[in-house]
Amino acid sequence: MAITKDDIIKALEEMKLTELNDLVKAIEDHFGVVAAAAVAAPAAAGAAAAPSEVSVMLTNAGGNKVSVIKIVKELTGLGLMEAKKLVDGTLPVAIKENVKVEDAEEMKKQLMDAGASVDLK
C-alpha cells in the first residue's frame, strides 16, 4: 500500500523541530535541491521548513524554583537576584531569544529536568 500525502503530513506534525530540520537537509542532499522560503511557505503550515532560531520560554517554574533559578542564572548570565525576578515574574517569559534550535533543546532539557515547564517558540 502506497503512502499518501495525508500520511506524510501526519508524520510531519508529530516531529520535533530538530527532526524536521534533519529531514529537510536529507531531502536537499538526496535530490540536490535547496529549500527556499518562498517555495516552502505555501507548501504546508510551517511544517516543511523548520526555523533555525527559537526562543526558550519558561511557562511554569514548577515545585523546585531554587534549581530553576540557578539554571536560569547559568543560562542567561544574570545575577542571582535578576534570575529570581525573572522566574518569579509574569509567566510565560523568554529565558533566551534567537537561540539555535539545538542549543534551545538542551536548555529546555536542563530546565525540565529541574521541574520547570518550557516551550520553544
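Bear in mind the structure is a predicted one, so any value in this text is a computation, not a measurement.

Caption draft 1: Region of the structure containing the packing of helix α4 (residues 65-76) against helix α5 (residues 80-88). Running from amino to carboxyl end, α4 crosses α5 at an angle of 120 degrees, the nearest separation of the two axes being 9 Å. Between α4 and α5, the interaxial angle falls into the category oblique. Both α4 and α5 take part in a crossing whose hand is right-handed. Only Leu80, Ala83, Lys84, Leu86, Val87 and Asp88 of α5 make contact with α4, whose side of the interface consists of Lys65, Val68, Ile69, Val72 and Lys73. Per-class residue counts for the contact of α4 with α5 are 7 nonpolar, no polar and 4 charged.

Caption draft 2: Geometry of a nonpolar patch on the surface. The grouping of Met15, Leu23, Ile27, Phe31 and Val33 at the surface amounts to a nonpolar patch, some 420 Å² of accessible area in total. Along the polypeptide, methionine 15 turns up in the loop between α1 (5-13) and α2 (17-31).

Caption draft 3: Quick peek at the nonpolar core. Membership of the largest hydrophobic core comes to 22 residues, with the highest contact counts inside it found for Val56, Leu58, Val68, Val72, Val87 and Leu111. At the level of elements, β1 (53-60), α4, α5, β2 (93-100), α6 (101-113) and β3 (117-120) are the ones that each hand at least two residues to this core. Sorting elements by how many residues they give to this core places α4 first, with 5 residues. Setting aside anything within four residues of it in sequence, one finds leucine 58 in contact with Val68, Val87, Leu91, Pro92, Val93, Ile95, Ala116, Ser117 and Val118.

Caption draft 4: How the structure looks around the side chain of serine 55. Within the element layout of this structure, serine 55 appears in strand β1. Those residues in contact with serine 55 that sit more than four places away from it in its chain are Lys96, Glu97, Asn98, Asp119, Leu120 and Lys121.

Caption draft 5: A look at the environment of threonine 76. Looking at the element boundaries, threonine 76 is found in helix α4. Judged by its relative accessible area of 22%, threonine 76 is partly exposed. For threonine 76 and lysine 96, which are 20 residues apart along the polypeptide, the C-alpha to C-alpha distance reads 6.9 Å. At 3.2 Å, the side chain of threonine 76 and the backbone nitrogen of leucine 78 are in polar contact.

Caption draft 6: Spotlight on the pattern of salt bridges. Under the defined criterion, the tally for this structure stands at 3 salt bridges. The salt bridge involving lysine 109 is made with aspartate 113; its shortest N-O contact spans 3.0 Å. Remark: aspartate 113 and lysine 109 occur in helix α6; sequence separation between them is 4 residues, near one turn of the helix. Each of Lys65, Lys84 and Asp88 takes part in a single network of salt bridges with overlapping partners.

Caption draft 7: Structural detail: the pairing of β1. As judged from the 5 bridges shared by β1 and β2, these two strands associate in the antiparallel manner. Within the sheet, the bridge partner assigned to leucine 58 lies in β2 and is valine 93. With 4 bridges connecting them, β1 and β3 associate as antiparallel partners. Residue valine 56 lies in a different strand from β3, and its bridge partner there is leucine 120.

Rules and cut-offs
- Residues numbered from 1 in each chain as written.
- Predicted model: local features only at pLDDT ≥ 70, side-chain atom pairs only at ≥ 80, totals over all residues.
- Heavy atoms only, no water.
- Axes fitted to C-alpha atoms, helices over the stretch in contact; angles between N-to-C directions.
- Helix = DSSP H or I, 4+ residues; strand = E, 2+ residues; numbered from the N terminus.
- Parallel < 35°, antiparallel > 145°, perpendicular 65-115°, else oblique.
- Left-handed = near helix turned anticlockwise from the far one by under 90°.
- Contact = heavy atoms within 4.5 Å.
- Nonpolar A, V, L, I, M, F, W, Y, C, P; charged D, E, K, R; others polar.
- Patch = residues over 30% accessible without salt bridge, like charges linked within 9 Å, V, L, I, M, F, W, Y side chains within 5 Å.
- Areas by Shrake-Rupley, 256 points an atom, 1.4 Å probe, with all protein chains shown as cover.
- Salt bridge = Lys/Arg side-chain N within 4 Å of Asp/Glu carboxyl O.
- Core = buried A, V, L, I, M, F, W, Y, C linked by side-chain atoms within 4.5 Å.
- Buried < 20%, exposed > 50% of the residue type's maximum accessible area, 1.4 Å probe, protein only.
- Polar contact = N/O pair within 3.5 Å; in protein donor to acceptor, adjacent residues only side chain to side chain.
- Pairing = 2+ DSSP bridges.

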